[in-house]
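Residue-level listing of the chains:
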Amino acid sequence: MISLNIANLMGHRCSKNLGISSWCDGDKRKISEKVVLRVNSKVRQHNNIHNTGKEEEGEEKKVIGRKMESVLKPLRDGESVLDLSPRSTVSGGVEDVYGEDRATEDQLVTPWTISVASGWSLLRDPQYNKGLAFSEKERDAHYLRGLLPPTVLTQLLQEKKLMHNIRQYKVPLQKYVAMMELQERNERLFYKLLIDNVEELLPVVYTPIVGEAWQKYGSIFRRPQGLYISLKEKGKVLEVLKNWPERNIQVIVVTDGERILGLGDLGCQGMGIPVGKLALYTALGGVRPSACLPVTIDVGTNNETLLKDEFYIGLRQKRATGQEYYDLLDEFMTAVKKNYGEKVLVQFEDFANHNAFELLAKYGTTHLVFNDDIQGTASVVLAGVVAALKLIGGTLPEHKFLFLGAGEAGTGIAELIALEMSKQTKAPIEESRKKIWLVDSKGLIVSSRKNSLQHFKKPWAHEHEPVNSLLEAVKVIKPTVLIGSSGVGKTFTKEVVEAMTSNNDKPLILALSNPTSQSECTAEEAYQWSEGRAIFASGSPFDPVEYKGKVYASGQANNAYIFPGFGLGLVISGAIRVHDDMLLAASEALATQVSEENYKNGLIYPPFSNIRKISANIAANVAAKAYELGLATRLPRPQDLVKYAESCMYTPVYRNYR
Ligand SMILES: NC(=O)C1=CN([C@@H]2O[C@H](COP(=O)(O)OP(=O)(O)OC[C@H]3O[C@@H](n4cnc5c(N)ncnc54)[C@H](OP(=O)(O)O)[C@@H]3O)[C@@H](O)[C@H]2O)C=CC1
Ligand SMILES: CC(=O)C(=O)O
Ligand SMILES: [Mg+2]
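The rules behind the values
Residues numbered from 1 in each chain as written. Chains lettered and ligands numbered in written order. Predicted model: local features only at pLDDT ≥ 70, side-chain atom pairs only at ≥ 80, totals over all residues. Heavy atoms only, no water. Helix = DSSP H or I, 4+ residues; strand = E, 2+ residues; numbered from the N terminus. Buried < 20%, exposed > 50% of the residue type's maximum accessible area, 1.4 Å probe, protein only. Contact = heavy atoms within 4.5 Å. Areas by Shrake-Rupley, 256 points an atom, 1.4 Å probe, with all protein chains shown as cover. Near = heavy atom within 4 Å. Polar contact = N/O pair within 3.5 Å; in protein donor to acceptor, adjacent residues only side chain to side chain. 1 Å grid on protein atoms, 1.4 Å probe; cavity = no way out; pocket = protein on both sides within 12 Å on 5 of 7 lines; lining within 4 Å. Sits in = over half its atoms within 2 Å of the grid points. Nonpolar A, V, L, I, M, F, W, Y, C, P; charged D, E, K, R; others polar. Donors = N, O, S within 2.8 Å, 3.2 Å for Na, K, Ca; no water. Pairing = 2+ DSSP bridges. Axes fitted to C-alpha atoms, helices over the stretch in contact; angles between N-to-C directions. Domains from an automatic or database assignment. Salt bridge = Lys/Arg side-chain N within 4 Å of Asp/Glu carboxyl O. Points joined across faces, edges and corners; volume = space filled by probe spheres on them.

Engineer: Talk me through the overall build of the chain; I want residue IDs and the actual numbers.
Structural biologist: Within the chain, the regular secondary structure consists of 29 helices and 16 strands. Expressed as a percentage of its 658 residues, the buried residues of the chain come to 61%. Within the chain, counting contacts between residues at least 6 apart in sequence, those at least 24 apart form 71% of the total. For the chain, the accessible surface area stands at approximately 26500 Å², while carbon and sulfur atoms represent 51% of it.

Shown next as structure tokens:
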């Protein structure tokens, strides 16, 4: 029985027993050769060793064990095993400290956990488990004999089998559960499936199915994913962050669950959204899974159904508001910076608008923050509109916009379109805003309503008679572009679409609300009611539609096109703040990815099957803007940013274990 006192061995001020005896006991052969302990966040987590915040990077890599040089790092042949410096190629970026991602398939890497994982624990570690794909040699070397049936499968065959299984499920929720179980079991295989079958699986791990799954999350809860920070943790948020097993976090997606898609307040069960968004950060944007942290802030819920549900997983109280709410958020933001530094990206997701704008304004000057609903959506919609000009004609400033919904998405998009118009015309932004009209739940936003409007609506209160309905607004404003961001389904009625069609040869209609049940209209309705003339895209995907013998494939106007590449661009440039010009840069990069072939099919977005290439281009444009604005800290600037972005992207093929 061996136990090590980490405090003595490493001069750490905490004194905790690492409790490694259990795996040393039956396996003494390995102790001298393979026992390697990293005082990393996992060790901290499992042993409640919390650092002082002062340790140097190098301390994490101190090792115990006689043959330390053979296991110090899973480096490739010819590299110095004693080189402990962070991997300079991507410092401040997507860090590949252990060389795993740059190793080719036939180069060896070591499966790191707290110790070198082997046997049963290796099969239970989703980061390194390969299931039946462990080779004969690996089965011998890692004590896996007998723990697996004899067959050895390739990753491709595993993928084929899993896709076959997933396709058998008729209930969408079953597909979601199957994917989540795979993510918990074998992370690389999960991402391989998602990347290779992105168009098929995106609706499963993201909108629309994720919404339904998490509405029911209380009853399908298996293993927690992500970090829960509730009012109970007030005063201890930094400690809670330290409980997370990974330390080198680059992207955090955080929600308080108050406006989950168009489904409203899901309280603590909003966690599906940060988890889903971060899966896309990895699959679509190539940010390493271990660098992603999903967070749900639980301040209660006003959802009566959840409060009465005996299986509800969150705090059973009404939402905290005012000072209590802002104090917890402030503690979180301060702790994030303290624990992960200046360059960690915090993406605010699905907050209600009464908090979202304020949080963005407050932390936009002190942290690297990005609101996906306000800014990401704006960037993706501007890209779609710019691309659509090829089909509908005219320049951006020549068009007139009408929104149904004047919240985060609506006013965020409106503002970015106005900004781009002003850049093109050199006119003041106030002039550009006059081309854009918004309708909220009380009707058209007009100047006579100004005093009672929320601050983010005021810039859109133009001179006009009050107008109560969307249909009436379409008739009097005569927009060329109609955008739905209300969260209310079926609001683009036949009359509304017909009115758009009678005013425009090719009306551009975007039904952004998620999930599918909240879409302002379906693709079928848009094409039928416009007699095939609408250029249509929606927040959640629709299958192609046949109308009068012609097949219409609509695009997906969803911020998923933007945030993964946008975040990657910030990470690889070491950006310290987000700037509106970066949103324009992302938008431009996305619009230029639409091919002639896509246009011929009436598409204003490129297919998701090309998303990794698209994300690399977005990342490069965003990073270039960060350098231009002096907001990048990763110096010198790489010459070819697209290539550099690609080289930083996580790939999910299995690595070979020595
Ligand atoms: N496709 C994408 O990428 C994205 C889609 N979305 C979707 O957009 C929707 C809205 O999100 P968000 O802007 O954040 O939400 P908000 O709550 O901030 O805004 C909703 C807006 O819709 C208005 N509204 C609500 N009901 C009606 C109605 N019956 N008629 C007219 N207006 C109405 C509200 O009016 P009032 O202010 O008067 O209450 C408010 O202005 C959601 O469904 C979300 O899923 C969001 C982000 C990205
Ligand atoms: C897509 C997204 O961010 C939303 O619907 O909220
Ligand atoms: Mg959102």
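What follows picks up the thread again.
Engineer: Describe the site of ligand 1, and please don't skip the residues or the numbers.
Structural biologist: Looking at ligand 1, there are 27 residues lining it, with Arg259, Asn353, Ala406, Ser441 and Lys457 nearest. Within the side chain of Arg259, one N or O atom sits 2.8 Å away from an oxygen atom of ligand 1. Between ligand 1 and the protein, one listed contact pairs an oxygen atom with a backbone N or O atom of Glu408 at 3.0 Å. Here ligand 1, which alone exposes 920 Å², has 83% of that area covered by the protein. Here ligand 1 is seated within the second largest pocket. Put simply, the parts of the chain that give the shell around ligand 1 at least two residues each are helix H19 (372-392) and helix H20 (408-425). Within the shell around ligand 1, the residues separate by chemical class into seven nonpolar, 15 polar and five charged.

Engineer: Provide a residue-level description of the coordination of the magnesium ion (ligand 3), including the pertinent values.
Structural biologist: Coordination sphere of the magnesium ion (ligand 3), protein contribution only: Glu349 (OE), Asp350 (OD) and Asp373 (OD), at 2.0 to 2.1 Å. For the magnesium ion (ligand 3), the donor residues sit on a single chain with the sequence spacing E-D-x22-D. With respect to class, Glu349 is no different from Asp350; both count as buried.

Engineer: How would you summarise the sheet that holds strand S6 (residues 369-371) if you had to cite specific residues and measurements?
Structural biologist: The strand order S2-S4-S3-S5-S6 describes an open sheet built from five strands, whose pairing is parallel. A single partner strand is all that each edge strand has here, and the edge strands are strand S2 (227-230) and S6. Each neighbouring strand pair of the sheet contributes to a mean axis angle of 25 degrees, computed without reference to strand direction. Bridging between strand S5 (residues 345-348) and S6 involves three bridges; their strand directions are parallel.

Engineer: Tell me about the environment of Met500, and name the residues and values.
Structural biologist: Its place among the elements puts Met500 in helix H23 (residues 494-503). Judged by relative accessible area, Met500 falls into the buried class, the value being 0%. Taking C-alpha positions, Met500 is 8.1 Å from Lys475, a pair spaced 25 residues apart along the chain. Beyond its immediate sequence surroundings of up to four residues, Met500 is in contact with Val474, Pro479, Thr480, Val481, Leu482, Pro507, Leu508 and Ile509.

Engineer: Hey, could you go over the site of ligand 2 for me, with residue numbers and the actual values?
Structural biologist: The environment of ligand 2 is formed by Tyr206, Arg259, Leu261, Lys277, Glu349, Asp350, Asp372, Asp373, Asn514, Asn558 and Asn559. For ligand 2, the accessible surface in isolation is 220 Å², of which the surrounding protein chains cover 90%. In a pocket analysis with a 2 Å cut-off to the grid points, ligand 2 is assigned to the second largest pocket. For the shell around ligand 2, the class distribution of residues is two nonpolar, three polar and six charged. When residues of the shell around ligand 2 are assigned to domains, at least three map to each of domain 2 (210-367) and domain 3 (375-560).

Engineer: Provide a residue-level description of the pattern of salt bridges, including the pertinent values.
Structural biologist: Summed over all chains, the structure comprises 25 salt bridges. Notably, a salt bridge pairs Glu136 with Arg145, separated by 2.8 Å at the nearest N-O pair. You can call Arg145 partly exposed: its relative accessible area is 45%. Salt-bridge contacts for Arg167 lead to Glu200; the nearest nitrogen and oxygen are separated by 2.8 Å.

Engineer: Please set out the layout of surface pockets residue by residue, giving values where relevant.
Structural biologist: Volume-wise, the second largest pocket comes out at about 920 Å³. Together, 45 residues line the second largest pocket, and Arg259, Ser485, Ser486, Gly487 and Ser513 are the ones closest to its centre. When contributions to the lining of the second largest pocket are tallied by element, the ones reaching two or more residues are H19, H20 and strand S8 (436-440). Top element by residues in the lining of the second largest pocket is H19. It accounts for three residues. Partitioned by chemical class, the residues of the lining of the second largest pocket number 13 nonpolar, 21 polar and 11 charged. Taken domain by domain, the makeup of the lining of the second largest pocket includes at least three residues from each of domain 2 (210-367) and domain 3 (375-560).

Engineer: Summarise the side chain of Lys192; cite the residues concerned and give the values.
Structural biologist: Tracing the sequence through the fold places Lys192 in helix H10 (residues 187-196). A distance of 2.5 Å separates polar atoms of two side chains, one belonging to Lys192 and the other to Asp196. Setting aside its immediate chain neighbours within four residues, Lys192 contacts Gln155, Leu156, Glu159, Pro652 and Val653.

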